[in-house]
Every structure is written in structure tokens, then in C-alpha cells.
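Here is how the chains run, residue by residue.
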Protein chains: 2
Amino acid sequence: MQKEIYMREALIEAEKAREKGEVPIGAVVVLNGEIIGRAHNLRETTKNAITHAEILAIQDACKNQDAWRLEGAELYVTLEPCPMCSGAILLSRIAKVYYGAADPKAGTAGTLMNLLQDSRFNHQCEIEPGILADECGAILTSFFRDLRAKKKQQKEP
Amino acid sequence: MQKEIYMREALIEAEKAREKGEVPIGAVVVLNGEIIGRAHNLRETTKNAITHAEILAIQDACKNQDAWRLEGAELYVTLEPCPMCSGAILLSRIAKVYYGAADPKAGTAGTLMNLLQDSRFNHQCEIEPGILADECGAILTSFFRDLRAKKKQQKEP
């Protein structure tokens, strides 16, 4: 299915993050069937909490389109967006968000709240959750398991 | 008063935005009494909807501190933060937000909702609204009045 193909591209981005020791989250922006932006989380590398996968993918797409409006575009992201990324999605006028795993700690595309479909803001977008949810969740689970094992090893004499 | 001094610096940033034809919003980040980040809205200049004053000021502060955590820092912004900027404030662990004018259209630091003090997120921050509110609101009002007059003039033969 087409949407799984794009989510696999987001997973490729997540894998790039994992290789850099970053929390493995990836995103792609698609317009008319073409990937116009792609990125992965780079918080530790950039030492900047704003560099989430979605923000960087949106910025990449804006650069490619030479415009801040991404009307009609779709965002594929491996983890449900946080408040910052949900806000960025609304501001850039993205039409639809597909996400993989839900985020019970900070997800604001339906889990803790639904910022993407709050009629008080000047834009709303469609949401489709659960695309390759198991794979998107597994890469995060294994990353944190490895991190804990590494920390435990460092503590042992 | 100290907080008015910092809000005047945010207003200086807003004025820089106005001179560039950008919606005049400015922000500064303060740590231990020192301004460590400052910026103004640059959406049209950068053709990037993410370049709100707060985001750019936080990024400037992170660069100056060489860290993504801005613990203990205070953000002064002329307009109440939107969802994206509220999320960025939480992610960068800012301790307190002072804002000027309230934003009935997108304000999420108390007006439409209060993302900054939602106990479900892993960080909350203090909020003090209304610092130089009249001046912070007036620069926006006059900007939009001038913009409407300009558009009307362009339509006339």
C-alpha cells in the first residue's frame, strides 16, 4: 500500500537517527506522490530541542517548495507528534498526518489531546494513526532497551 | 522594573520584524539576568512557517549555551505563544514565560488552552501575562492597519 511505502521511508530516517545515537524517529513530507522533505530527530547532535524529525522534514519541504505553505501535503512520521510538532503541522497547512506508534507521554494527535483537529485554530488536518505501528514502536523500544543495558554496563566495575 | 526592561528588548526585536514587513513579534531568552537569545518573527523572509520569534530565540539561546536544555531560563515574548512555540518552550525546559499581549486566535499559554501548565507533559513552566501588554498589542494593531490601507490603495485605480 502507498501509505506503507511512505512510512517505510520515515522508518529509514528513524534508522539514520538510531545510528547517530539519537532517539529513532523519522518523518517524510509528501506532495502529489513525491517526497518533498525528509528528516530524522537530531536533538543530541544539534544540541537543540527543536530539531524533532517533523520540524526538520517540514523545513526541508519548505526549502524545496520555496514557500511556507505546504497546502495539500501529507506528513508521515513514525511517532505521534508532540505539541510543538502538531503546532508546526498546523502552521505549515499540512493536509494530513499519518503516524506509526501512539505516544502516551506527549502525543497530541489524539492520545493526550487532539491539537490537529481543534476548530479554534485557523487550520485543521486529517489524521490516520497506526501505519506500520508495530515496526515504528519496535525501533523505539529496542533503542531504549539498548540504552538501559549500556548504562547498566557502565555502572558495573 | 526588570521584567519590563526585558520586554522592551523583545519589543526592539518586534520592531526589527516590522521593518522587514514581517508580523511584528519579538522574543528574548534570559538566564541569570543575561540575555542569551533574541529573535523576531521571520516567516515571510525565510519562507518557513516555523520561524516564529520564540523558536528562533530558543535556537539562538541553545547555540549560545551549547545545550538543548535551558533550565532556569526565562522567555519574554510580545505575543502569547502558539501551540508550536508552547511545545518548544516545554521541550527546552524554560522555567518561566512572560508575555505581552494575549492571542485570542492561537494563544495556548492560558487563552485558548494552557499547554505550558498541563501536568501530563514532562515539564511545566510558570507564566506571567500582560507585561507591557498595551505596547505589545499596539505594534501589532498598527501593523495590520497599515497592511489593510496598503492593500486598499493597491486596489484603487
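All of these numbers come straight from a predicted model, not from anything done at the bench.

**Structural notes on the relation of the copies chain A and chain B**
Both copies of the chain are related through a single rotation about an axis accompanied by a shift along the same axis. For the match of chain A to chain B, the screw axis carries a shift of 0.0 Å, the RMSD comes to 0.0 Å, and the turn is 180°. Such values leave the two copies arranged in the relation of a two-fold axis. Residue Met84 of chain A of chain A places its C-alpha closer to the rotation axis than any other residue of that unit, at 1.9 Å.

**Some thoughts on the packing of helix H4 (residues 83–91) of chain A against helix H4 (residues 83–91) of chain B**
Two packed helices can be described by the angle between their axes and the distance between those axes. In the contact formed by H4 of chain A and H4 of chain B, the axes pass within 7 Å of each other and the chain directions differ by 155°. By the angle between their directions, the pair H4 of chain A and H4 of chain B is classed as roughly antiparallel. Crossing handedness for the pair H4 of chain A and H4 of chain B: left-handed. Where H4 of chain A abuts H4 of chain B, its residues Pro83, Met84, Gly87, Ala88 and Leu91 of chain A lie against Pro83, Met84, Gly87, Ala88 and Leu91 of chain B. Split into classes, the residues belonging to the contact of H4 of chain A with H4 of chain B amount to eight nonpolar, two polar and no charged.

**Section: the side chain of Arg93 of chain A**
All names here are of chain A. Along the chain, Arg93 falls in the loop between H4 and strand S4 (96–101). As a buried residue without a salt bridge, Arg93 has its nearest oppositely charged side chain in Glu71, at a separation of 4.6 Å. Reaching out from Arg93, the side chain makes a polar contact with the backbone oxygen of Leu91 at a distance of 3.3 Å. In contact with Arg93, not counting residues within four places along its chain, are Trp68, Arg69, Leu70, Glu71, Gly72, Asn122 and His123.

**Some details on helix H3 (residues 53–65) of chain A**
Residue and element names in this part refer to chain A. End to end, H3 covers 18 Å across 13 residues, agreeing with the expected 18 Å (1.5 Å per residue, within 8%). Where H3 is concerned, the buried positions are Ala53, Glu54, Ile55, Leu56, Ala57, Ile58, Ala61 and Cys62. Structurally, H3 contributes buried residues whose contacts are with strand S1 (26–31), strand S2 (34–40), strand S3 (74–79) and H4. Phi turns positive one or two residues past the end of H3, at Asp66, with a value near 55°.

**Concerning the pattern of salt bridges**
All names here are of chain A. Applying the stated criterion across every chain yields a total of 24 salt bridges over all chains. Close ionic contact of Arg69 with Glu71 constitutes a salt bridge, the shortest N to O distance being 3.2 Å. With a relative accessible area of 42%, Arg69 lands in the partly exposed category. Arg120 is the salt-bridge partner of Asp118, the closest N and O atoms lying 2.9 Å from each other. Judged by relative accessible area, Asp118 falls into the buried class, the value being 14%. Looking at Arg120, the relative accessible area reads 43%, which means it is partly exposed. A cluster of three or more residues bridged by salt bridges with shared partners is formed by Lys3, Lys96, Glu126 and Glu128.

About the cut-offs
- Residues numbered from 1 in each chain as written.
- Chains lettered and ligands numbered in written order.
- Predicted model: local features only at pLDDT ≥ 70, side-chain atom pairs only at ≥ 80, totals over all residues.
- Heavy atoms only, no water.
- Least-squares fit on C-alpha atoms with pLDDT ≥ 70 in both.
- Axes fitted to C-alpha atoms, helices over the stretch in contact; angles between N-to-C directions.
- Helix = DSSP H or I, 4+ residues; strand = E, 2+ residues; numbered from the N terminus.
- Parallel < 35°, antiparallel > 145°, perpendicular 65-115°, else oblique.
- Left-handed = near helix turned anticlockwise from the far one by under 90°.
- Contact = heavy atoms within 4.5 Å.
- Nonpolar A, V, L, I, M, F, W, Y, C, P; charged D, E, K, R; others polar.
- Buried < 20%, exposed > 50% of the residue type's maximum accessible area, 1.4 Å probe, protein only.
- Lys, Arg positive; Asp, Glu negative; His and termini not counted.
- Salt bridge = Lys/Arg side-chain N within 4 Å of Asp/Glu carboxyl O.
- Polar contact = N/O pair within 3.5 Å; in protein donor to acceptor, adjacent residues only side chain to side chain.
- Expected span 1.5 Å × (residues − 1).

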